[in-house]
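What the coordinates show
The residues making up each chain are set out below.
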Amino acid sequence: MKIFTHLLLFLAFYFAACAGGSKQNSDKNAETDKRQTNGPIIPGADQLSAYLPLLKGKKVGLMGNQTSIVGEEKEHLVDVLLREKVDLRFAFAPEHGFRGDIERGEKVDNTVDKKTGLTLHTLYGENAKADSIVGSVDVMIFDLQDVGARFYTYVASMHRVMQLCANQGKKVIVLDRPNPNGDQVDGPVRKDDKFKANISYHKIAMIHGLTVGELAKMINGEGWLDGGKTCDLEVIPVKNWDHNISYELPVVPSPSLPNYASVRLYMSLCLFEGTDISIGRGTDWPFQVVGYPNPVFGEFTFTPGTRPGMAAHVEQQDNLCYGIDLRNVDAVNEKFTLKYLLDFYHKMPDKSKFFARPEFFDKLAGTDELRKQILAGKTESEIRDSWAEELKAYKEMRAKYLMYADFE
């Protein structure tokens, strides 16, 4: 009898402990993945019933690439539109091309999509015929997956689409997608037009905290299109997402951002591109390792070589690099920081060689102040203090255009 009683007590304690552990795990899961309570995230492109009626009887153009996918099957938006008998006349391609297989900064030619036969035009840089091309349709669709940094050039391509449509009196439909770094606003705000470039196109924070739909509304609302024009804009919003919810991209946005860790680290590591420090291009871990050919930088070693989409522009190609391995960072909680950049600057034996491409670095930063602050030996805290007022003003502007609950 005593044995039976003890057994009952043991089972009672066991199941209570399991229930408590399950509750703790449940609470933890709810904190890290709010999608469980909000429902599945549904990007704008997946909501066919919201935008197909807007295309009926219209001649349509598209700005898209390999990130323009629909549904769990990841069907390309072009294939969906053609199947739905949309009168699709052409597509514009951004940096990296329509299928995402062209290297950073390389020329994107006017050509034909081999899979569908659709005429392709470049909108990465200038295209003298772009106005007449847009003038040939009634409506433009924009569907590119941004990653939330001012130096990611897809937002510059969106601006050009909006400008062309404003010039020609055409409608723009932005199929919105979550920002995988939408839980942060950080870095310097570009103010001076002398730093304007494809990698620093707008007067926004370096880590801007906007979806492309929110940014499109800002471009219109702040009068940033030439001639004080605005375009006829409609945004198909994302369902069941807000700036508090982490989001792993279902498709690689560009050749050097192969996974969630790289997308999160990109915010901090892209500034290295104004230096000769390797951030892993030409390896299997771009934007996840950092190194230079000197053992002073760390014990971890790697040798950049060539990879698809990473052959022509590889820092320290074929050189053994010493540095740090960030492949196992807590990606969800990884946010923009200067610590990696400052650490390598302080370890550089000849600091005069650190900023190998100072003008490019300044365009990435949107200012020359950051570089000057680093050269002057400022700490991260001191540098951040210098951004405080401009970030506050930017956040006030940003708040006017938010379509989703904010992280603050």
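Overview of the structure. (Residues numbered from 1 in each chain as written. Predicted model: local features only at pLDDT ≥ 70, side-chain atom pairs only at ≥ 80, totals over all residues. Heavy atoms only, no water.)

A sheet is described by the order of its strands in space; here seven strands give the open sequence S5-S6-S4-S1-S7-S8-S11, paired in mixed fashion. The sheet is open, and its two edges are formed by strand S5 (111-112) and strand S11 (232-236), each paired on a single side. Note: strand S1 (residues 59-64) against strand S7 (residues 139-143), five bridges, orientation parallel. Across the sheet, residue Met63 finds its bridge partner in S7, namely Phe142. (Pairing = 2+ DSSP bridges. Helix = DSSP H or I, 4+ residues; strand = E, 2+ residues; numbered from the N terminus.)

One water molecule sets the probe size; rolling that probe over the atoms shows where empty space is left. Summed over all chains, the structure comprises one cavity of 30 Å³ or more. Counted as a void, the largest cavity has a volume near 40 Å³. Residue lining of the largest cavity: Leu144, Gln145, Asp146, Val147, Arg177, Pro178, Asn179, Thr211 and Val212, and that is the complete set. (1 Å grid on protein atoms, 1.4 Å probe; cavity = no way out; pocket = protein on both sides within 12 Å on 5 of 7 lines; lining within 4 Å. Points joined across faces, edges and corners; volume = space filled by probe spheres on them.)

Take Leu370: it is sitting in helix H11 (residues 369-375). The exposure class of Leu370 is buried, given its relative accessible area of 1%. C-alpha separation for the pair Leu370 and Arg384, spaced 14 residues apart in sequence, amounts to 9.8 Å. Once residues lying within four places of it in the same chain are set aside, the contact partners of Leu370 are Leu271, Leu338, Phe361, Ala365, Ile383 and Trp387. (Buried < 20%, exposed > 50% of the residue type's maximum accessible area, 1.4 Å probe, protein only. Contact = heavy atoms within 4.5 Å.)

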